[in-house]
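# Chains, contacts and geometry: an overview
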Amino acid sequence: MEKIIINTNNAPAALGPYSQAVKVGNLLYTSGQLAINVVTGEFINDDIKKATKQSLDNVKAILEEAGTSMDKVVKTLVFLKDISDFDLMNEVYSLYFSTNPPARSCVQVAKLPKDALIEIEVIAIA
């Protein structure tokens, strides 16, 4: 099976030696997306709802580059700096996955790159 690297200018460039996403067969695996606005360069680190929206917008841009969409997401993994942000994150998250939501894991982590509030990665049908 061929491994296809996916990159788009509509999401932040990788911060290290990894790809924005990798497609293998009919599955797409994204790298974790921080709340970085690719147009303005703004890093959202003071509002979990805005940060969640930006992270998911970055995921969406990568999915679209790969020819798929949010409704094809089968699994998400959400990393939170503070699990007490869970309910606020869910308010925004539910807007992106309102029908037939994917399986999900959500964990609090000790620290994220750039001291981010949130990082989100997904697996989608491509």
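To keep things clear, this report deals only with the structure shown in the data block. (Residues numbered from 1 in each chain as written. Predicted model: local features only at pLDDT ≥ 70, side-chain atom pairs only at ≥ 80, totals over all residues. Heavy atoms only, no water.)

### Re the side chain of Asn 58
Tracing the backbone shows Asn 58 in helix 1 (residues 48–65). Residue contacts for Asn 58: discarding those within four places in its chain leaves Ala 11, Pro 12, Gln 33, Leu 34 and Ile 36. (Helix = DSSP H or I, 4+ residues; strand = E, 2+ residues; numbered from the N terminus. Contact = heavy atoms within 4.5 Å.)

### So, the pattern of salt bridges
According to the stated counting rule, one finds four salt bridges in the structure shown. The shortest N-O distance in the salt bridge between Lys 49 and Glu 91 comes to 2.8 Å. Here Glu 91 lies in helix 2 (residues 86–96) and Lys 49 lies in helix 1, a separation of 42 residues in the sequence. Looking at Lys 49, the relative accessible area reads 33%, which means it is partly exposed. Classification of Glu 91 as partly exposed rests on a relative accessible area of 40%. Among the ionic pairs, Asp 115 bridges to Lys 111, the shortest N-O distance being 3.5 Å. (Salt bridge = Lys/Arg side-chain N within 4 Å of Asp/Glu carboxyl O. Buried < 20%, exposed > 50% of the residue type's maximum accessible area, 1.4 Å probe, protein only.)

### Details of the pairing of strand 4 (residues 73–80)
Sheet analysis places strand 4 next to strand 6 (residues 118–125), joined by seven bridges and oriented antiparallel. Counterpart to Val 78 in the pairing with strand 6 is Ile 120. Bridge count for strand 4 against strand 5 (residues 103–108) is six bridges, and the pairing is parallel. Considered in strand 5, the bridge of Leu 80 is made with Gln 108. Between the parallel elements strand 4 and strand 5, the chain passes through helix 2 in a crossover that is right-handed. (Pairing = 2+ DSSP bridges. Right-handed = clockwise from strand over helix to strand, strands pointing away.)

### Some points on the packing of helix 1 against helix 2
Between helix 1 and helix 2, the shortest axis-to-axis distance is 8 Å and the interhelical angle comes to 35°. For the element pair helix 1 and helix 2, the recorded crossing hand is right-handed. Of the residues in helix 2, those in contact with Ile 48, Lys 49, Thr 52, Lys 53, Leu 56 and Asp 57 of helix 1 are Leu 88, Met 89, Glu 91, Val 92, Tyr 93 and Tyr 96. Looking at the contact of helix 1 with helix 2, its residues break down into seven nonpolar, one polar and four charged. (Axes fitted to C-alpha atoms, helices over the stretch in contact; angles between N-to-C directions. Left-handed = near helix turned anticlockwise from the far one by under 90°. Nonpolar A, V, L, I, M, F, W, Y, C, P; charged D, E, K, R; others polar.)

### Quick look at a nonpolar patch on the surface
A cluster of nonpolar side chains, namely Met 1, Val 24 and Tyr 29, defines an oily patch on the protein surface of about 340 Å² accessible area. Its location among the elements puts Met 1 in the segment before strand 1 (3–6). Owing to a relative accessible area of 87%, Met 1 belongs among the exposed residues under this scheme. (Patch = residues over 30% accessible without salt bridge, like charges linked within 9 Å, V, L, I, M, F, W, Y side chains within 5 Å. Areas by Shrake-Rupley, 256 points an atom, 1.4 Å probe, with all protein chains shown as cover.)

### Here's the deal with the packing of aromatic side chains
The geometry of an aromatic ring pair is captured by two quantities: the separation of the ring centres and the angle between the planes. According to the stated counting rule, one finds one aromatic pair in the structure shown. Ring geometry for Tyr 93 against Phe 97: centres 4.8 Å apart, planes inclined by 45°, an arrangement best described as tilted. Neither Tyr 93 nor Phe 97 differs from the other in exposure class; each is buried. Arg 104 extends its terminal NZ or CZ atom over the ring of Tyr 93, reaching a point 4.5 Å from the ring centre. (Phe/Tyr/Trp six-rings, centres within 6.5 Å; stacked < 30°, edge-to-face > 60°. Lys NZ or Arg CZ within 6 Å of the ring centre and 35° of its normal.)

### Points about the sheet that holds strand 3 (residues 27–30)
Taken together, six strands build an open sheet; the order of strands is 1-2-3-6-4-5 and the sheet is mixed. The open sheet has two edge strands with one neighbour each: strand 1 and strand 5. Ignoring which end each strand starts from, the neighbouring axes of this sheet average 15° apart. With four bridges joining them, strand 2 (residues 21–24) and strand 3 adopt antiparallel strand pairing. Note that in strand 3 the partner of Val 24 across the bridge is Leu 27. Each of strand 1, strand 2, strand 3, strand 4 and strand 6 is contacted by helix 1, which is oriented at about 30° to strand 6, the strand it contacts most. Against the sheet, helix 2 makes contact with strand 4, strand 5 and strand 6, and its axis sits at roughly 150° relative to strand 5, the strand it touches most.

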